[in-house]
Amino acid sequence: MARLLYTLCLLLCVLIFESAHAQSPKREFRGVWIATVWGIDWPSKAGTTPEIQKKQKDEMIEMLDRCERLNLTTVCFQVRSMSDVMFKSKLEPWSSFVSGKRGVSPGWDPLEFVVDECHKRGLECYAWVNPFRWSTGTNYSTPQDNEWKLRCWLLRHEKYTVLNPGLEEVRSHVVELCREIVTGYKVDGLIFDDYFYPNRIPETDDIPDYSQYIKESPWMTFGDWRRANVHKAIADVYAMIEEERPDIVFGISPAGVAGKDDTSSAKWGMEPCGVKAADWQYSEIYSDPLGLLYQRTVDFISPQIYWHTDHATAPYAPIAQWWSEAANLYGRHFYGSVTMEHIAKNDTKANRVQIVNQVGYNRSLSIDGNSGVIIYSAKYLPLISKELKDARFSMPSLTPVMSWKHQYEYPKPSGVKLDGDLLTWNPVRSEGREQVRYTVYAIPSSVATDDAMDEFGDGICGEYLVGMTYDARKKVPKGDYVYAVCTYAPQSIESAPTFFRR
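To keep things clear, this report deals only with the structure shown in the data block. Every chain is numbered independently, its residues counted from 1 as its sequence is written. With pLDDT at 70 or above as the cut-off, local features in this predicted model cover only qualifying residues; side-chain atom pairs require 80 or more to be listed or tallied, and sums for whole chains, interfaces and linings still use all residues. Side-chain figures throughout are based on the complete set of non-hydrogen atoms in the structure, without hydrogens or water.

1. Some remarks on the pairing of strand S1 (residues 29-34)
And step 1. Most of S1 is tucked away, with six of its six residues classed as buried.
And step 2. Relative accessibility decides the category of a residue: with a 1.4 Å probe and only protein chains considered, values under 20% of the type maximum give buried, values over 50% give exposed, and everything between is partly exposed. Helix and strand assignments follow DSSP, with helices taken as H or I runs no shorter than four residues and strands as E runs no shorter than two, numbered in order from the N terminus. Across the two faces of S1 the burial is the same, with Phe-29, Gly-31 and Trp-33 and Arg-30, Val-32 and Ile-34 all buried.
And step 3. A pair of strands is treated as paired once DSSP finds two or more bridges between them. Pairing analysis gives four bridges linking S1 to strand S12 (residues 372-376), with the strands arranged parallel. Paired with Val-32 across the strands is Ile-375, a residue of S12.
And step 4. Sheet analysis places S1 next to strand S2 (residues 74-80), joined by four bridges and oriented parallel. In the strand pairing of S2, Val-32 is matched with Val-75.
And step 5. The handedness rule is simple: strands pointing away from the viewer, and a clockwise path from the first strand over the helix to the second, make the crossover right-handed. In this fold, the crossover linking S1 to S2 by way of helix H2 (residues 50-69) has right-handed handedness.

In structure tokens form, the structure reads like this:
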């Protein structure tokens with residue numbers, strides 16, 4: 001039966017691949033990972049000299065220009081990878097991956113710069129945080145690191161060391177670190193990746209956190225206690241965001257396979273993921289993303305489905321379909337992560353088609369139409385930008401609406417004017433910390449206003465979307481157009497349009 005369902009799923013994907021879903025939809029999350037750990041994507045060189053600072057900024061600008069040209073919506077910028085940061089913090093040391101030495105300031109604030117440069121281009125900026133990883137072998141010794149050692153915050157197994165998720169003060173530290181980000185910077189979102197407990201840390205009585213487990217929750221299994229600690233940390237971060245910045249979103253990017261019949265599917269009321277690959281994250285790093293969806297402590301899930309569609313044990317399409325169903329069951333969004341590393345290792349047409357197909361699968365398998373993708377990673381974009389733009393991202397898009405979040409309602413813009421190719425209007429004030437944005441459309445004069453509206457009630461049709469802007473101005477195409485501007489509130493909600501006719 002499982003093999004039959006798998007075959008039917010693949011046939012379904014083939015049938016719908018070249019359907020209307022292949023067109024750029026008005027709403028689709030299109031993200032990219034910018035990895036800073038070890039300088040994977042950025043920067044190419046660490047240091048503090050003016051020459052290096054300029055080179056780092058120029059590299060970032062080039063990367064963000066590419067994202068804008070590709071019609072992406074969102075940049076996930078890694079600001080914390082080894083309990084070190086890419087922004088001014090009172091809690092953690094500067095990252096060596098930008099300055100060259102842990103604890104030393106690079107002389108500028110990368111997060112502030114990236115947020116500003118993203119917003120200039122109509123790109124959302126999500127702060128990407130690794131919640132617990134401290135080291136993969138290096139023994140750090142900044143004042144903060146030494147303090148954590150004295151407090152016995154570190155939990156080590158083999159080469160991996162993390163800040164111990166089982167400690168309440170560690171979880172509080174992670175919350176406060178995230179609070180620094182969301183209150184100090186105009187980020188649009190926060191996203192965690194998949195590093196929790198050290199890989200394959202045993203569940204034996206000679207492990208450092210065993211005594212704590214026995215003291216706190218001996219009625220639970222050791223594994224369930226560890227997973228509960230991860231859940232607590234995620235829930236506390238989500239609660240903090242709802243308190244401080246309900247306008248932004250919070251997501252997580254776990255390993256690609258979860259919820260098997262021998263792990264957590266029955267616990268959370270979900271059909272098990274039917275592929276052969278194991279749910280290794282459940283007992284090796286104590287990650288149970290189905291529980292996070294069930295508890296609704298994340299707004300979206302972006303599992304790392306880093307395999308081809310014909311993979312023997314972890315085929316892409318059936319896994320993506322399962323995640324889409326899981327996210328929909330719990331009322332959240334699914335934006336599958338895909339990798340372009342296959343192209344970097346072997347640049348063939350087949351490998352390029354895989355990426356284009358996978359973006360299409362996310363789109364066509366979406367149950368509620370709230371599709372999305374996050375591409376790993378930014379340095380690979382030049383390898384496939386043309387194919388992605390031609391086949392999938394030919395037009396700009398807006399991110400999906402999150403109806404469960406706080407709903408902001410703003411008046412439509414006023415005072416719309418056109419000077420050459422620059423459309424301007426009067427700024428709309430926000431209610432608090434949230435950012436007011438705008439969407440701009442150019443409708444050919446030959447198209448009646450009623451005909452330009454989306455048939456499903458989502459404002460103006462996406463085919464006329466020029467883009468999103470954080471400023472009360474936007475360059476528009478010249479010609480015989482009727483222009484329209486909407487206030488674009490948090491959670492991607494548009495106001496009624498204000499039309500401008502020449």
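Back to the write-up after that little detour.
2. Focus: empty space enclosed by the protein
And step 1. Using only the protein atoms, space was sampled on a 1 Å grid; points where a 1.4 Å probe fits but cannot get out form cavities, open sets with protein on both sides within 12 Å along at least five of seven lines form pockets, and lining residues are those with an atom within 4 Å of a point. Grid points are joined across faces, edges and corners, and a volume is the space filled by probe spheres set on the points. One pass over the structure, following the stated rule, counts four cavities of 30 Å³ or more.
And step 2. Computed from the structure, the largest cavity encloses a volume of approximately 170 Å³.
And step 3. Lining the largest cavity are 18 residues, and of these Glu-124, Asp-188, Asp-247, Arg-437 and Gln-491 sit closest to its centre.
And step 4. A class-by-class count of the residues in the lining of the largest cavity yields nine nonpolar, four polar and five charged. Under the grouping applied here, Gly and all other residues not named as nonpolar or charged are polar, the nonpolar ones being Ala, Val, Leu, Ile, Met, Phe, Trp, Tyr, Cys and Pro and the charged ones Asp, Glu, Lys and Arg.

3. What about the sheet that holds strand S17 (residues 473-475)?
And step 1. Spatially, three strands are ordered S13-S14-S17 in an open sheet, and the strand pairing comes out antiparallel. Edge strands, defined here as strands with exactly one partner in the open sheet, are strand S13 (417-419) and S17. Neighbour-to-neighbour, the strand axes of the sheet open up by a mean angle of 20°, direction not taken into account. Axes, fitted as lines to C-alpha atoms, cover a helix only where it is in contact. Angles between the N-to-C directions of the axes lie from 0 to 180 degrees.

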